[in-house]
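# Structural overview for review
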Amino acid sequence: MTTHVQTTECPECDARVEFSRPPLCGEIARCGDCGVELEVTSASPLAVVVAPPVQEDWGE
Ligand SMILES: [Zn+2]
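The structure displayed is predicted, hence computed values, not measured ones.

Two elements, strand S1 (residues 6-9) and strand S2 (residues 16-19), share four bridges in a ladder whose sense is antiparallel. Note on S2: the bridge partner recorded for Gln6 is Phe19. Where S1 folds back onto S2 in an antiparallel hairpin, the turn is made up of six residues, including Asp14, whose phi is positive at roughly 65 degrees.

See the structure below:
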């Protein structure tokens with residue numbers, strides 16, 4: 001049996017990012033090397049971008 005580990009490169013540090021299961025579009029992953037959050041923009045072919053930092057909006 002083959003495992004379906006999918007890999008891509010971290011756009012931040014070029015480290016290899018592995019997904020043990022097929023990622024979903026919009027899924028957030030974390031680079032194990034630099035710790036940046038990555039958003040999956042395309043499942044096939046696999047593509048990720050650095051997720052924008054969460055804006056903590058407490059309102060006024
Ligand atoms: Zn990284």
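Before going further, it helps to examine the environment of Leu38. One can find Leu38 in strand S4 (residues 37-43). Distance in space between the C-alpha atoms of Leu38 and Val17 is 9.5 Å, their sequence separation being 21 residues. If we ignore the near neighbours within four places in the chain, the residues touching Leu38 are Cys10, Val17, Ile28, Ala29, Arg30, Cys31, Val48, Val49, Val50 and Ala51.

The next thing to look at is unusual backbone geometry. Most of the time, phi is negative for any residue but glycine, and the peptide bond is trans. Each neighbour pair has its own omega, and for Ser44 with Pro45 the value is 0 degrees, a cis peptide bond. Looking at the element boundaries, Pro45 is found in the loop between S4 and strand S5 (46-50). Even without being a glycine, Asp14 presents a positive backbone phi close to 65 degrees.

Basis of the calculations
- All chains use their own residue numbering, which begins from 1 and follows the written sequence.
- Given that the model is predicted, a residue must reach a pLDDT of at least 70 before its local features are reported, and side-chain atom pairs must reach 80 or more before they are shown or counted; all residues, however, enter totals for whole chains, interfaces and linings.
- Pairing between two strands is assigned when DSSP locates at least 2 bridges connecting them.
- Secondary structure counts use DSSP, requiring at least four H or I residues in a row for a helix and at least two E residues in a row for a strand, with both numbered from the N terminus.
- With C-beta atoms placed from the backbone, a contact is any residue pair whose C-beta atoms sit within 7 Å.

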